[in-house]
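Per-entry structural report
Residue-level listing of the chains:
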Amino acid sequence: MRFFETKFLEEADEFISTLDPKTIKKILYNIDLAEQSNDPKLFKKLQNDIWEFRTKYAGLQIRLLAFWDKTDNKETLVIATHGFVKKVDKVSANEIDRALRLRDKYLNNKQKK
């Protein structure tokens, strides 16, 4: 059973495309697991309705920030905004702000359609 489905915005796709194939495979595997398991080690709420997909691989802490898209009365769609390699313990406010900007842009574009 899947708790949600994940879609990637362009920035998230671009980030993933810069990584090596094994790392990409691990990230997608973790997202797949997160969709089925509701495990906070894999998918965790940060703040302002921004969540993070968490992957630790080859000594890197990789994060994809995301939000829930509930506009089509779907409680099950998660949109990954962008990704980065985490170098410090906390996710920086800049990354959360970026995710919020991407979310607002996504929702505004969706309303126009």
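Use the structure listed above.
This write-up is about the structure you can find in this document. (Residues numbered from 1 in each chain as written. Predicted model: local features only at pLDDT ≥ 70, side-chain atom pairs only at ≥ 80, totals over all residues. Heavy atoms only, no water.)

This next bit is on the overall build of the protein. When helices and strands are counted, the protein shows 3 helices and 5 strands. Beginning at the N terminus, the succession of helices and strands in the protein can be written as β-α-α-β-β-β-β-α. What you see for the protein is a C-alpha radius of gyration of 13 Å, in line with the 13 Å of a compact globule of 113 residues. Expressed as a percentage of contacts within the protein between residues at least 6 apart in sequence, the contacts between residues at least 24 apart total 53%. For the protein, the accessible surface area stands at approximately 7,200 Å², while carbon and sulfur atoms represent 50% of it. Here the protein holds 23 positive side-chain charges and 18 negative ones, and the gap between their average locations is 3 Å. (Helix = DSSP H or I, 4+ residues; strand = E, 2+ residues; numbered from the N terminus. Rg over C-alpha atoms; globule rule 2.2 N^0.38 Å. Contact = heavy atoms within 4.5 Å. Areas by Shrake-Rupley, 256 points an atom, 1.4 Å probe, with all protein chains shown as cover. Lys, Arg positive; Asp, Glu negative; His and termini not counted. Charge placed at Lys NZ, Arg CZ, Asp CG, Glu CD.)

Applying the stated criterion to the full structure yields 7 salt bridges. A salt bridge links D49 to K45; its shortest N-O distance comes to 3.3 Å. Taking relative accessible area as the criterion, D49 reaches 44% and is therefore assigned partly exposed. On the basis of relative accessible area, K45 is assigned to the partly exposed category, the value being 42%. Taking the shortest distance from any N to any O, the salt bridge between R54 and E52 comes out at 3.2 Å. Several salt bridges converge on common partners, so that one network encompasses R2, D32 and E35. (Salt bridge = Lys/Arg side-chain N within 4 Å of Asp/Glu carboxyl O. Buried < 20%, exposed > 50% of the residue type's maximum accessible area, 1.4 Å probe, protein only.)

Looking now at the packing of aromatic side chains. For the coordinates displayed, the defined rule picks out 8 aromatic pairs. Taking 6.2 Å as the distance between ring centres and 50° as the angle between the ring planes, the aromatic pair formed by F4 and F53 counts as tilted. Remark: F53 occurs in strand β3 (residues 50-57) and F4 occurs in the segment before β1 (5-8); sequence separation between them is 49 residues. Grouping residues by exposure puts F4 and F53 together as buried. Linked through ring pairs, F4, F43, W51, F53 and W68 together constitute an aromatic cluster. (Phe/Tyr/Trp six-rings, centres within 6.5 Å; stacked < 30°, edge-to-face > 60°.)

As a further point, take the sheet that holds β1. Taking strand neighbours across the sheet as the criterion, the 5 strands line up as β1-β5-β4-β3-β2 in an open arrangement whose pairing is mixed. Looking at strand neighbours, the two that pair on one side only are β1 and β2 (43-47), the edges of this open sheet. Direction aside, neighbouring strands of the sheet carry axes that sit 40° apart on average. Lying on the sheet, helix α2 (residues 21-37) is in contact with β1, β2, β3 and β4 (60-69); it crosses β3 at an angle near 130°. Along the sheet, helix α3 (residues 93-112) makes contact with β2, β3, β4 and β5 (77-86), crossing β5 at roughly 150°. (Pairing = 2+ DSSP bridges. Axes fitted to C-alpha atoms, helices over the stretch in contact; angles between N-to-C directions.)

Shape descriptors only; they carry no functional weight alone.
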